[in-house]
Amino acid sequence: MVLYMLSIFQLVVWTAISAIANLHGRFGVEIVGEVPIGLPPPRVPLFEGVLIKKLIVPAISIAVVAYAVTVSMGKLFARKHKYRIDPDQEIFALGISGTISSFFSVFPTSTSLSRSLVNEGAGARTQVSGLVASCVILCVILLIAPLLNSLPMCVLNSIVVVALSSLLTKVTELRYLWRFSKPDVIVWVSTALVTIFWDIIEGLATGMVLALISVVVHTQRPNVSLLGEVVRSDFRGIYNYTRAKRTETPILRFDAPVIFTNVQVLKEYIRKTIKLEPDSNEKKNDESMAMGPNWKAIILDCRAWTYTDAMGVEAMKELNDELRSKQVFLILANMKSCLRLQYAYAGLYRTFPARIRTNSEAFFKADKDDLVGVK
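Everything quoted here is computed from the prediction, not taken from an experiment. (Residues numbered from 1 in each chain as written. Predicted model: local features only at pLDDT ≥ 70, side-chain atom pairs only at ≥ 80, totals over all residues. Heavy atoms only, no water.)

Engineer: Just to check I follow, could you spell out the overall build of the chain for this structure?
Structural biologist: A count of helices and strands for the chain gives 16 helices and 5 strands. Put simply, the chain has 375 residues, and 29% of those count as buried. Long-range contacts, defined here as pairs at least 24 residues apart, represent 71% of the contacts in the chain between residues at least 6 apart. Only carbon and sulfur atoms are counted for the fraction: they give 63% of the accessible area of the chain, which is about 24800 Å². (Helix = DSSP H or I, 4+ residues; strand = E, 2+ residues; numbered from the N terminus. Buried < 20%, exposed > 50% of the residue type's maximum accessible area, 1.4 Å probe, protein only. Contact = heavy atoms within 4.5 Å. Areas by Shrake-Rupley, 256 points an atom, 1.4 Å probe, with all protein chains shown as cover.)

Engineer: Whenever I open this one, the environment of Gly 237 confuses me. Can you help?
Structural biologist: Mapped onto the secondary structure, Gly 237 falls in strand β2 (residues 234–237). Relative accessible area serves as the criterion here: at 6%, Gly 237 is assigned to the buried category. Considered as a pair, Gly 237 and Leu 227 are 10 residues apart in the sequence and their alpha carbons are 4.3 Å apart. Excluding its chain neighbours within four sequence positions, the residues that come into contact with Gly 237 are Leu 226, Leu 227 and Ala 244.

Engineer: Sorry if this is basic, but what is going on with the packing of aromatic side chains here?
Structural biologist: Each pair of aromatic rings is reported with the distance of its centres and the angle of its planes. Scanning all chains against the criterion turns up 1 aromatic pair. A centroid spacing of 5.1 Å and a plane angle of 70° characterise the contact between Tyr 176 and Phe 180, whose relative ring orientation is edge-to-face. Separated by 4 residues within a single helix, Tyr 176 and Phe 180 lie in helix α9 (residues 174–180), roughly one turn from each other. Phe 180 shares its class with Tyr 176; the two are exposed. (Phe/Tyr/Trp six-rings, centres within 6.5 Å; stacked < 30°, edge-to-face > 60°.)

Engineer: In this structure, what is going on with the UniProt feature "transmembrane region" (unreviewed entry) in the chain? I would like to understand it.
Structural biologist: Taking the numbering used here, the UniProt-annotated feature "transmembrane region" (unreviewed entry) corresponds to residues 55–78, 90–108, 128–148, 155–172 and 192–217. Helix makes up 100% of residues 55–78 and strand makes up 0%, while its end C-alpha atoms are separated by 34 Å. Structurally, residues 90–108 is divided into 63% helix and 0% strand, and its ends, taken at the C-alpha atoms, are 15 Å apart. (UniProt positions renumbered as here; feature names shortened; annotations may be inferred.)

Engineer: Got a minute to help me understand the packing of helix α3 (residues 49–81) against helix α5 (residues 113–121) in this structure?
Structural biologist: Their axes nearest at 11 Å, the elements α3 and α5 cross at an angle of 15°. Here α5 runs roughly parallel to α3, going by the angle between their axes. Remark: the crossing between α3 and α5 carries right-handed chirality. On the side of α3, the interface is formed by Val 69, Met 73, Phe 77, Lys 80 and His 81, while α5 contributes Leu 113, Ser 116, Leu 117 and Glu 120. (Axes fitted to C-alpha atoms, helices over the stretch in contact; angles between N-to-C directions. Parallel < 35°, antiparallel > 145°, perpendicular 65-115°, else oblique. Left-handed = near helix turned anticlockwise from the far one by under 90°.)

Engineer: It is not clear to me how the pairing of β2 should be interpreted in this structure. Could you clarify?
Structural biologist: Residues in a regular strand project their side chains so that they alternate between the two faces of the sheet. Relative to β2, strand β1 (residues 224–231) is paired through 4 bridges, and the arrangement is antiparallel. Across the sheet, the residue bridging to Val 231 is Asp 234, located in β2. In textbook terms, the turn of a hairpin is the stretch between consecutive antiparallel strands, and for β1 and β2 this stretch comprises 2 residues, one of which, Ser 233, has a positive phi near 65°. (Pairing = 2+ DSSP bridges.)

Laid out in structure tokens, this is it:
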């Protein structure tokens, strides 16, 4: 509240000083200048083909930036004041306000960083503050605007900078962020630099592209853990838990969806775990593949799998065939029901031995009392 009152006091004092001392005429100080008063009459927007063709690309960019800024500011205040926002509701509100304001030839609607921070710093907590601010702006447009003609632009800019100071201090968090998430720091710094030296549209595009690249890189190099038993039916990574004991049957956890970017990593890790060597022999028939006492098993803990694309499914089928040729039984444990159906539709279920096919649960989940099972 103190900051808010101080800003108003500065506006009044410096506007009076500028007008009395004629700072613009005597020293060339840049001022706000003539501010038009009144509201434009409402009219139906133009829908001309040539105009739409020229504006469609900029309109998409402006819409993306407006939505991103609005949601970002909303999340910033929500995190600070311990409440939640609904991004869908925000984009709906932007659409409604943009549609109505289009009849008055105004700028596209979005969040004002400076006014939002000044409003929040003044102690605003409810949407009534927005109504009050709108009424004040309306009064300025209709009545007070001519009194601001002599306001120096440097004073107006200083108020904005002070209001944005809380955002500028976010730079100090980079050292803390670097400790545990270096890719996010790279995205943060790159987006900021492109925005500062180029423009906000290019900065936003840079941030989105780098964020997508970061996600792709993370899916290409997922964490693969060899699990050991800590207590009965409780399995943990043997390299992270000293109490975890190796099981007779290897248990692997692949902490990512199986997709085309990382499926080769999974296959290589399984081959390494059970020490498979390339096989140049011909494919064995079903009779020779009957399960016997010499068969081994490997268990994949699939609890982290949320999605599998076509290449992932095909790779799992190839891996299963390869393991069967080596007399290794592949067990997929803790698989979600949507993936069970996906794998069944792909025909992977039919590649298992006959006595396993008779029980669908054996394909998807091993019983906790089974020799090679994991719950």
